[in-house]
Amino acid sequence: MRFEIMRLDDVDGSAVDSTVVDAASVNRIVQQAASLGQRIYIRPADSAAR
């Protein structure tokens, strides 16, 4: 399964950038965002995003 991960703006919460990753990469990205204090939003990726 693939997920879209969006990095959110600290001020207004809008999406700054996004990437589509496989399930195995999600934990690493979440840990990295947590260590940097970044806000992220994760959702299942559309099949068209592959």
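Quantities reported herein were computed from a predicted structural model and do not represent experimental measurements.

A. View of the pattern of salt bridges. Within the structure shown, the criterion is met by 2 salt bridges. For Arg43, the salt bridge identified is with Glu4, shortest N-O distance 2.8 Å. In this pair, Arg43 is assigned in strand 3 (residues 39–44) and Glu4 in strand 1 (residues 2–8), connecting sequence segments 39 residues apart. Owing to a relative accessible area of 16%, Glu4 belongs among the buried residues under this scheme. With its nearest N and O atoms 3.0 Å apart, the salt bridge here joins Arg7 to Asp17. Here Arg7, found in strand 1, pairs with Asp17, found in strand 2 (residues 15–22); they are 10 residues apart in sequence, far enough to count as distant. Asp17 gets classed as partly exposed once you look at its relative accessible area, which sits at 39%.

B. Region of interest: the layout of surface pockets. A volume near 150 Å³ is recorded for the largest pocket. Ile5, Met6, Arg7, Asp17, Thr19, Ile29, Gln32, Ala33, Leu36, Gln38 and Ile40 together form the lining of the largest pocket. Counting only elements with at least two residues in the lining of the largest pocket, the list comes to strand 1, strand 2 and helix 1 (23–36). Of the residues forming the lining of the largest pocket, the biggest block, 4 residues, is contributed by helix 1. When its residues are assigned to classes, the lining of the largest pocket shows 6 nonpolar, 3 polar and 2 charged.

C. Fine view of the sheet that holds strand 2. Read across the sheet, 3 strands follow the order 2-1-3 without closing on themselves; strand pairing throughout is antiparallel. Every interior strand has two partners, whereas the edge strands, strand 2 and strand 3, have only one. Taken over all neighbouring pairs, the strand axes of this sheet differ in orientation by 25° on average, direction set aside. As judged from the 7 bridges shared by strand 1 and strand 2, these two strands associate in the antiparallel manner. Pairing of Met6 across the sheet is with Ser18, part of strand 2. Most of the contacts of helix 1 go to strand 2, to which it runs at about 145°, and overall it touches strand 1, strand 2 and strand 3.

Thresholds, definitions, all that
- Residues numbered from 1 in each chain as written.
- Predicted model: local features only at pLDDT ≥ 70, side-chain atom pairs only at ≥ 80, totals over all residues.
- Heavy atoms only, no water.
- Salt bridge = Lys/Arg side-chain N within 4 Å of Asp/Glu carboxyl O.
- Helix = DSSP H or I, 4+ residues; strand = E, 2+ residues; numbered from the N terminus.
- Buried < 20%, exposed > 50% of the residue type's maximum accessible area, 1.4 Å probe, protein only.
- 1 Å grid on protein atoms, 1.4 Å probe; cavity = no way out; pocket = protein on both sides within 12 Å on 5 of 7 lines; lining within 4 Å.
- Points joined across faces, edges and corners; volume = space filled by probe spheres on them.
- Nonpolar A, V, L, I, M, F, W, Y, C, P; charged D, E, K, R; others polar.
- Pairing = 2+ DSSP bridges.
- Axes fitted to C-alpha atoms, helices over the stretch in contact; angles between N-to-C directions.
- Contact = heavy atoms within 4.5 Å.

All we've got here are geometric facts, nothing functional implied.
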